[in-house]
Amino acid sequence: MPDLFSDLANNRESLGPGTWLFRGYALDVGDQLLEAIGRIAEVSPFRRMKTPGGREMSAAMTGCGARSWVTDRRGYRYSELDPETGRHWPAMPALFSRLAADVADRAGYPGFGPDVCLVNRYQPGARMGLHQDRDEQDYRWPVVSVSLGLPATFLWGGLRRGGSPARLVLEHGDVLVWGGEDRLRYHGIAPVPDGRCKVTGHVRYNLTFRRAL
Ligand SMILES: O=C(O)CCC(=O)C(=O)O
Ligand SMILES: [Mn+2]
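Just so it is clear, the structure is predicted and the values come from calculations on it, not from any experiment.

1. Some remarks on the overall build of the protein
Scanning the protein from terminus to terminus reveals two helices and 14 strands. Relative to a compact globule of 213 residues, whose C-alpha radius of gyration would be 17 Å, the protein shows 16 Å and is just as compact. Here the C-alpha coordinates of the protein stretch approximately 50 × 35 × 35 Å along the principal axes. Counting the 213 residues in the protein, one finds 38% classified as buried. Excluding contacts between residues fewer than 6 apart, the proportion of contacts in the protein whose partners are at least 24 apart in sequence is 73%.

In C-alpha cells form, the structure reads like this:
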C-alpha cells in the first residue's frame with residue numbers, strides 16, 4: 001500500500017499508519033473558529049514564549065481548556081493557570097471539542113475528549129522547528145491539528161530526529177489527525193510565506209487539540 005493514498009469515500013488522505021489529513025474539514029466553521037480565537041485572546045492574550053534555552057519562539061501562543069501548554073526557563077509543561085494573567089485559561093468552546101472529537105472519530109480514534117487546545121499564531125516568517133508532542137501522559141490519544149488562514153508547509157518527519165521530512169501545504173480549513181504508531185512523529189512548520197488570506201489577512205492560526213491528562 002503506498003504511504004500516501006486517498007480514501008475518497010471518507011474524504012481523507014493517509015500520511016502514515018495512524019495519520020489522516022482531512023482537506024477542508026473545518027471550512028464551514030472557519031469564521032466561528034476565528035471568532036472564538038478572538039474571544040480567547042481577549043482573556044489570555046497571544047504571547048511569544050521562551051524555550052528552556054532562552055530563545056523566543058517565533059509563533060505567538062495562547063490556549064484554552066482545563067490547562068494549556070507553556071514553556072519558559074523551567075521547561076515545557078502543562079499549566080492550569082495562564083502565567084501571563086495568573087488566571088485560568090478560557091474554557092474550551094463547545095464547537096472546538098465537538099470538532100476535535102468528530103474528526104478524531106473519523107480518523108479511527110473514538111472517544112477523544114481533548115482537555116487542552118493550544119492556539120498558535122504565525123505571522124509571515126514565523127516557524128516551528130521539528131519536535132515531538134510528548135508532554136502528555138497517555139499517547140493512546142491522538143493529536144488533532146486545525147489550520148486556519150495563510151497556507152503553510154507542514155514538515156512531517158519520522159519517529160527519530162534526522163532525515164528529511166515530507167512536506168505538505170496545509171491550507172485554511174485543513175485538519176490533520178495523528179496517533180497510534182505515528183503519535184510521536186517529529187513535525188514542524190516551515191517559515192510561513194507572506195500572503196493574504198481573505199479571512200485572516202497576513203496570519204496563520206493553528207489549533208492543536210490534545211488530551212494532556
Ligand atoms: O502549527 C502547526 O500546524 C503545528 C503546531 C504544533 O505542532 C504544536 O503546536 O505542537
Ligand atoms: Mn507539535
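Having seen it, we continue.
2. Concerning the environment of Ser44
Mapping Ser44 onto the fold places it in the loop between helix H1 (30-43) and strand S4 (60-65). On the basis of neighbour count, Ser44 is assigned to the buried category, with 22 C-beta atoms found within 10 Å. When the C-alpha atoms of Ser44 and Asp82 are compared, they prove to be 7.1 Å apart, with 38 residues separating the residues in sequence. Not counting the four nearest positions on each side in its chain, Ser44 is found in contact with Thr62, Gly63, Asp82, Glu84, Thr85, Trp89 and Pro90.

3. Brief notes about H1
For an α-helix the count is 3.6 residues per turn, leaving residues at separations of three or four pointing the same way. The end-to-end C-alpha distance of H1, which contains 14 residues, comes to 21 Å, matching closely the 20 Å that a straight helix rising 1.5 Å per residue would cover. All of the buried residues in H1 are Leu33, Ala36, Ile37 and Ile40. Looking down the long axis of H1, one finds its buried residues gathered within 105° of arc, a one-sided arrangement. The exposed set on the far side of H1, more than 90 degrees from its buried face, consists of Asp31, Gly38, Arg39 and Glu42. In this structure, the buried side of H1 is in contact with S4, helix H2 (94-106), strand S7 (116-122), strand S9 (143-149) and strand S14 (204-210).

4. Observations regarding the pairing of S9
Within S9, seven of the seven residues are buried, which leaves it mostly tucked inside the rest of the structure. The pairing of S9 with strand S12 (residues 175-178) spans four bridges and is antiparallel. Across the sheet, residue Ser145 finds its bridge partner in S12, namely Leu176. Where S9 and S14 come together, six bridges link them in antiparallel fashion. Directly across from Val146, in S14, lies its bridge partner Leu207.

5. Some details on the pairing of strand S10 (residues 152-156)
Burial along S10 is one-sided: Ala152, Phe154 and Trp156 are buried, while Thr153 and Leu155, pointing the other way, are not. Here five bridges tie S10 to strand S11 (residues 166-170), and the two strands are oriented antiparallel to one another. Each bridged residue has a counterpart across the sheet, and for Phe154 the counterpart in S11 is Leu168. As paired elements, S10 and strand S13 (residues 187-189) share three bridges and run antiparallel to each other.

6. Quick notes on the sheet that holds S11
Pairing in this open sheet of four strands is antiparallel, and the strands run S8-S13-S10-S11 from one edge to the other. Because the sheet does not close on itself, it has two edges, and the strands there are strand S8 (128-131) and S11. Strand-to-strand, the axes of this sheet are offset by a mean angle of 20°, without reference to chain direction.

7. Structural notes on the environment of Asn120
For Asn120, the location among the structural elements is in strand S7. Each C-alpha atom, one on Asn120 and one on Gly188, is 12 Å from the other, the two residues being 68 residues apart in sequence. Excluding anything up to four places from it in sequence, Asn120 contacts Ala59, Met61, Tyr205, Asn206 and Thr208.

8. Examining H2
The end-to-end C-alpha distance of H2, which contains 13 residues, comes to 18 Å, matching closely the 18 Å that a straight helix rising 1.5 Å per residue would cover. All buried positions along H2 are accounted for by Phe96, Leu99, Ala100, Val103 and Ala104. Take H2 and look down its axis: the buried residues cluster within an arc of 125°, on one side only. Facing away from the buried side of H2, by more than 90 degrees, are the exposed residues Ala94 and Arg98.

9. So, the site of ligand 1
Taken together, Leu118, Asn120, Met128, Asp133, Ser145, Ser147, Phe154, His187, Ile189, Asn206 and Thr208 make up all the residues around ligand 1. Listing elements by their share of the shell around ligand 1, those giving two or more residues are S7, S9, S13 and S14.

What counts as what
- Residues numbered from 1 in each chain as written.
- Chains lettered and ligands numbered in written order.
- Predicted model: local features only at pLDDT ≥ 70, side-chain atom pairs only at ≥ 80, totals over all residues.
- Helix = DSSP H or I, 4+ residues; strand = E, 2+ residues; numbered from the N terminus.
- Rg over C-alpha atoms; globule rule 2.2 N^0.38 Å.
- Buried ≥ 20, exposed ≤ 12 C-beta atoms within 10 Å, placed from the backbone.
- Contact = placed C-beta atoms within 7 Å.
- Expected span 1.5 Å × (residues − 1).
- Arc of directions from axis to C-beta.
- Pairing = 2+ DSSP bridges.
- Axes fitted to C-alpha atoms, helices over the stretch in contact; angles between N-to-C directions.
- Near = placed C-beta within 6 Å.

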